[in-house]
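In case you want the letters, here they are:
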Amino acid sequence: MTRGKFITLEGGEGVGKTTNLSFISSYLQNHGIDVIVTREPGGTRLAEKIRELLLDSNNESISESAELLLMFAARAQHIKHVIEPALSQGKWVLCDRFTDATYAYQGGGRNMNINTIEWLENLIQGTLRPDLTLLLDAPVEVGIERARDRGQLDRFESEKIDFFERVRQAYLRQAELYPERIKLIKADQPLSDVQNKLIDMLRPLIR
Ligand code: Z5A
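This is a predicted model, so every value here is computed, not measured. (Residues numbered from 1 in each chain as written. Predicted model: local features only at pLDDT ≥ 70, side-chain atom pairs only at ≥ 80, totals over all residues. Heavy atoms only, no water.)

(A) Structural detail: the packing of helix 4 (residues 99-109) against helix 5 (residues 114-125). Direction vectors running N to C along helix 4 and helix 5 enclose 155°, while the axes themselves pass 10 Å from each other. Our classification of the angle between helix 4 and helix 5 gives roughly antiparallel. Judged by the twist between their axes, the crossing of helix 4 over helix 5 is right-handed. Contacts between helix 4 and helix 5 involve Thr 99, Thr 102, Tyr 103, Gln 106 and Gly 107 from the first element and Ile 114, Ile 117, Glu 118, Glu 121 and Gln 125 from the second. Along the lines of polarity and charge, the residues of the contact of helix 4 with helix 5 split into 3 nonpolar, 5 polar and 2 charged. (Axes fitted to C-alpha atoms, helices over the stretch in contact; angles between N-to-C directions. Helix = DSSP H or I, 4+ residues; strand = E, 2+ residues; numbered from the N terminus. Parallel < 35°, antiparallel > 145°, perpendicular 65-115°, else oblique. Left-handed = near helix turned anticlockwise from the far one by under 90°. Contact = heavy atoms within 4.5 Å. Nonpolar A, V, L, I, M, F, W, Y, C, P; charged D, E, K, R; others polar.)

Following this line, the structure appears as structure tokens:
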């Protein structure tokens, strides 16, 4: 059985990941691909519980190390119970955020040591890396405005603007480091233009 492809969708606050996830999923299904849609942190019962802990803005202050380890604990569950089984069965996995988000939020946003993140990435993932990462990029104010229109803010959304600037720059650094895997898409343009670009990026993988 041919192994499935692993596609991740990344970007800062409100850039349109969730909006485009169902579009990509339908596009793949229309091409006869069996795809599962999932997200991080989350994707399994335990990992979704960890997500609740991480996003709860009423929680006690979470240390940066605890935050980082909780992200990777959720990821370990997700890989073992969802991602790896699906890929081995030939299904494609479409995931809303993955480890590039850890480099961006914990590495960039929280200024945590990149070598520590890399070490955890190798420990938890072994050789597993996405086949394609679609990085939606927009000026921080655009994303924040879109997200704020939705109402109550979670623990990450309550951060200050320079945190999100660091997150954006860290994402752009990841894209520079891995140009073959990470495809950058300008997200501050009409949705139809964003989606045309997404199709351009997906097409080579389908052939
Ligand atoms: N996190 C972390 O720190 N470390 C990690 O390793 C991982 C995650 C994996 C949860 O993520 C938090 O976890 C996240 C980082 C952290 N915190 N933050 N911030 P999440 O993915 O659940 O949360 P999110 O980033 O807040 O997602 P979001 O705000 O839902 O953004 P989005 O999914 O990218 O946006 P959207 O909901 O699709 O779109 C927002 C609005 O914009 C919506 O009304 C759309 O209709 C509109 N939209 C979308 N595209 C367009 C265009 N092109 N034009 C106009 N309007 C648009």
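Text resumes after the structure shown.
(B) Region of interest: the packing of helix 3 (residues 64-88) against helix 4. At a minimum axis distance of 11 Å, the contact between helix 3 and helix 4 shows a crossing angle of 175°. By the criterion of interaxial angle, the relationship of helix 3 to helix 4 is roughly antiparallel. Between helix 3 and helix 4, the contacting residues are Glu 67, Leu 68, Met 71, Phe 72 and Arg 75 on the first element and Thr 99, Thr 102 and Gln 106 on the second. Of the residues assigned to the contact of helix 3 with helix 4, the class counts are 3 nonpolar, 3 polar and 2 charged.

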